[in-house]
Number of protein chains: 2
Amino acid sequence: MILVIGHVKIAPANVAAVRPTLQTMIATTRQEKGCILYAFAEDVSEPGVLRIVERWESWEALAAHGKAPHMKVWSDFLKATATVLDREVIAYEAGETKPL
Amino acid sequence: MILVIGHVKIAPANVAAVRPTLQTMIATTRQEKGCILYAFAEDVSEPGVLRIVERWESWEALAAHGKAPHMKVWSDFLKATATVLDREVIAYEAGETKPL
C-alpha cells in the first residue's frame, strides 16, 4: 500500500472559495481505480493549511491519479482562485503496520 | 520514520466545543521528543471527521507519545465532551519515499 501525506497552504481568506470545487475533486478521485482513502482537511491549528491524506493500492494507481484530467482542472482552479503559500506532498510505501 | 494516518469522527455539533482543548494538545505534542509532524484537521467533505496525520522519528518516540499524560487528559476530555462515532488510527513504518 502507498500512503500520501501532505499539505497545501493557501491564504485563509481563500478557503471558502475553493471548498466546493475541492469537494468535487475529492468525490471524483474517490472513484479512481486503486484509491483506498483520499481526503483533504482544514488544519485545526493553522488557518489556510489543507492537510492531505491518501491511501492507494499501488504506485501505478497513484501515478494514474496524478495524470487524471480532473486533477489538472483542480490544479488550474486552485492557482487561479487562491494564493498558494506552501505545498509539500510525499508518497511512502507502507512498511510494518500497527493499528493504534 | 513512522507515519500515522487516522481519524476520529465525532458529532459535527461537538467540533467547536473540542477545538480549543485539541489545539492545546497538538501544541504540547509538537514539543515531544521525536515528533516531526502532528496535526488534526477537519475533513472538508465529511463534517465531524477529524483527520490525523503524524510523522515520528521512531516507534519508541510514538510509543512514548501514547503514554504521555497530556494524551490521557485529551482522551478523557474528548469522551466527556463529544459523541465519538468512529475512530481508526494506524501507524506505518515508511518505506520507499517519493516527493510528489
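Caption draft 1: Highlighting the interface of chain B and chain A. Taken residue by residue, the interface counts 29 residues in chain B and 29 residues in chain A. Broken down by secondary-structure element, the contributors of at least two residues to the side of chain B that touches chain A are β1 (2–10), α1 (15–29), β2 (35–43), β3 (49–56) and β4 (84–99) of chain B. By residue number, the principal contributor to the side of chain B that touches chain A is β4 of chain B, which donates eleven residues. For the side of chain B that touches chain A, the per-class residue count stands at 17 nonpolar, five polar and seven charged. Sheet topology note: the strand β2 (residues 35–43) of chain A/β2 of chain B ladder contains three bridges and is antiparallel. Of the residues in β2 of chain B, the one forming a bridge with Glu-42 of chain A is Glu-42 of chain B.

Caption draft 2: Looking closely at the relation of the copies chain B and chain A. If you rotate chain B by 180° and push it 0.0 Å along the axis, it lands on chain A with an RMSD of 0.0 Å. Given the turn and translation reported, the copies of this chain are related as if by a two-fold rotation axis. A symmetric contact is evident, with 100% of the interface residues of chain B recurring at the interface of chain A.

Caption draft 3: Broad picture of the environment of Trp-56 of chain A. Residues and elements named next belong to chain A. Of note, Trp-56 is situated in strand β3 (residues 49–56). The spacing of Trp-56 and Ala-17 is 39 residues in sequence and 28 Å in space, taken between C-alpha atoms. Every residue in contact with Trp-56, bar those within four places of it in the chain, is listed here: Ile-2, Gly-34, Cys-35, Ile-36, Ala-61 and Leu-62.

So, how was this worked out
- Residues numbered from 1 in each chain as written.
- Chains lettered and ligands numbered in written order.
- Predicted model: local features only at pLDDT ≥ 70, side-chain atom pairs only at ≥ 80, totals over all residues.
- Contact = placed C-beta atoms within 7 Å.
- Helix = DSSP H or I, 4+ residues; strand = E, 2+ residues; numbered from the N terminus.
- Nonpolar A, V, L, I, M, F, W, Y, C, P; charged D, E, K, R; others polar.
- Pairing = 2+ DSSP bridges.
- Least-squares fit on C-alpha atoms with pLDDT ≥ 70 in both.

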